[in-house]
Amino acid sequence: VIRAGIAGGSGYVGLELLRYLHGHPNFQVAVITSREHHGQPVGDVHRGLAGITDLHFTDDVANLTNLDLVFTAVPHGESMKLVAQLRAIRSDLPIIDVGADFRISQQQFEQVYGEKHLCPELLQEAVYGVPELYGERVFNARLIANPGCFAHCTILALAPLAMRGLLVGPARVSAVTGSSGSGAHAKAVTHHPDRNDSISAYNVLAHRHVPEIERALSETSPVAIKMVPLSGPFSRGIFATVFATVTDATISVGDIYAEFAAANRFVRLRGTTPRLLDVRGTNFCDMAVHQSGSEVVIISAIDNLGKGAAGNAVQCANLMFGLPEESGLLFPPLAP
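What you see as residue numbers is a count from 1 along each chain, following the sequence as written. For a predicted model such as this one, the threshold for reporting local features is a pLDDT of at least 70, and the threshold for listing and counting side-chain atom pairs is 80 or more; totals across whole chains, interfaces and linings nevertheless cover every residue. Note that the side-chain values use all heavy atoms of the structure and ignore hydrogens as well as water.

## Considerations on the overall build of the chain
Consideration 1: Going along the chain from the N terminus, every DSSP run of H or I of four or more residues is numbered as a helix, and every run of E of two or more is numbered as a strand. Of the regular secondary structure elements, the chain holds 11 helices and 14 strands.
Consideration 2: Relative to a compact globule of 336 residues, whose C-alpha radius of gyration would be 20 Å, the chain shows 19 Å and is just as compact.
Consideration 3: Viewed in the frame of its principal axes, the chain has a C-alpha envelope of about 60 × 45 × 40 Å.
Consideration 4: Looking at the 336 residues of the chain, the share that counts as buried comes to 52%.
Consideration 5: Intrachain contacts of the chain at a sequence separation of at least 6 include 71% that bridge at least 24 residues.
Consideration 6: Only the protein chains shown count as cover for residues, and the accessible areas themselves come from Shrake-Rupley with a 1.4 Å probe. Accessible area of the chain: about 14,200 Å², with a carbon and sulfur share of 51%. We compute the radius of gyration over the C-alpha atoms and compare it with the globule rule, which gives 2.2 Å times the number of residues raised to the power 0.38. The rule is simple: take the accessible area with a 1.4 Å probe, protein chains only, and divide by the maximum for that residue type; under 20% is buried, over 50% is exposed, in between is partly exposed. Contacts are residue-level and defined by heavy atoms, with any inter-residue pair within 4.5 Å sufficient.

## Focus on the environment of Arg-172
Consideration 1: Assignment of secondary structure puts Arg-172 in strand β8 (residues 171-177).
Consideration 2: Residues Arg-172 and Val-127 lie 45 residues apart in sequence; the distance between their C-alpha atoms is 26 Å.
Consideration 3: Residues contacting Arg-172, with those up to four places away along its chain left out, are Lys-226, Thr-241, Val-242 and Phe-243.

## A word on the sheet that holds strand β10 (residues 225-231)
Consideration 1: A pair of strands is treated as paired once DSSP finds two or more bridges between them. Spatial ordering of the open sheet is given by β9-β10-β8-β11-β14-β13-β12, a layout of 7 strands whose pairing is mixed. This sheet does not close on itself; its edge strands, each paired only once, are β9 (200-201) and β12 (267-269).
Consideration 2: Looking at chain direction, strand β11 (residues 238-245) and strand β14 (residues 295-302) are connected through 8 bridges and run antiparallel. The partner of Phe-239 across the bridge, within β14, is Ala-301.
Consideration 3: Whenever a helix is involved, its axis is fitted only over the stretch in contact; in every case the axis is a line through C-alpha atoms, and angles between N-to-C directions fall within 0 to 180 degrees. Along the sheet face, helix α10 (residues 253-263) touches β12, β13 (285-292) and β14 and points at about 165° away from the line of β13.

## A look at the pairing of strand β2 (residues 27-33)
Consideration 1: Across the 7 residues that make up β2, a large majority, 5, are buried.
Consideration 2: In terms of strand pairing, strand β1 (residues 2-7) meets β2 through 6 bridges, oriented parallel. Counterpart to Ile-2 in the pairing with β2 is Phe-27.
Consideration 3: Where β2 and strand β3 (residues 57-58) come together, 2 bridges link them in parallel fashion. For Ile-32, the partnering residue across the bridge sits in β3 and is Phe-57.

Written out as structure tokens, the structure reads:
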């Protein structure tokens, strides 16, 4: 049994990690931390887990350093402090950070998040956790930067073209996200009466995930992203429509995506439109691709808490420990 810990386990991602890891054949959650809920039973905070786990929250992060693996699920700015603290106690501790602090370069981080990065030396070590692109790197890593949810949905949509250097000009993305992406604490913009029966745009052409998308996709040739994020009236999921132009109108884009899906267990190519309902609560990314000459539209759907966070983190953990990539991750969606 691989003993795992979750730091910052009282939020939605912490809950989802617990749900994924509870049924995993190889991992066991031994420690879960929360400053706000120290000493409380996990089942009192995550009420759906009552009778399923007897864990209690602790605020002593030193307990995490005796484990085989730690998932850090804390806000940006807090991840780097926590990871540095854990590594100061145990330098070889494997960590998967589901936060934002190790996804981009020091310069990009300080520009995007408006604060100084406290451990740039760990940025050099961190591997960006997209198994579909960097599976071998993930296998050899000891610090994983789990991608952002918008980022992962868009990266998977464009990777088959970007990896072949087939994109011309900027790719344009319109992506709708559910309210759980805003976290467990209510805010005015996520309050149900304001969000239900409505849709709105935010951070137009300035979303924080754009630099990590461009960085991940630009290894072969530079890729520019123009994104309009939208807040949707649902709890879970990201539904992205991506508009791209390819170098040659005679390229069979459908064949390229079929090959990509065949090579990646959690990418499913659909003949009709993807639906959030079909990926909700899972680690799958459903895609469809449409081509008219050199113009291509890719539709991509993930669960922001699954493939966009906890599910992908578990997929990375499987690779890090030499387990089958799909271990503990093959189950049907929460549908209807």
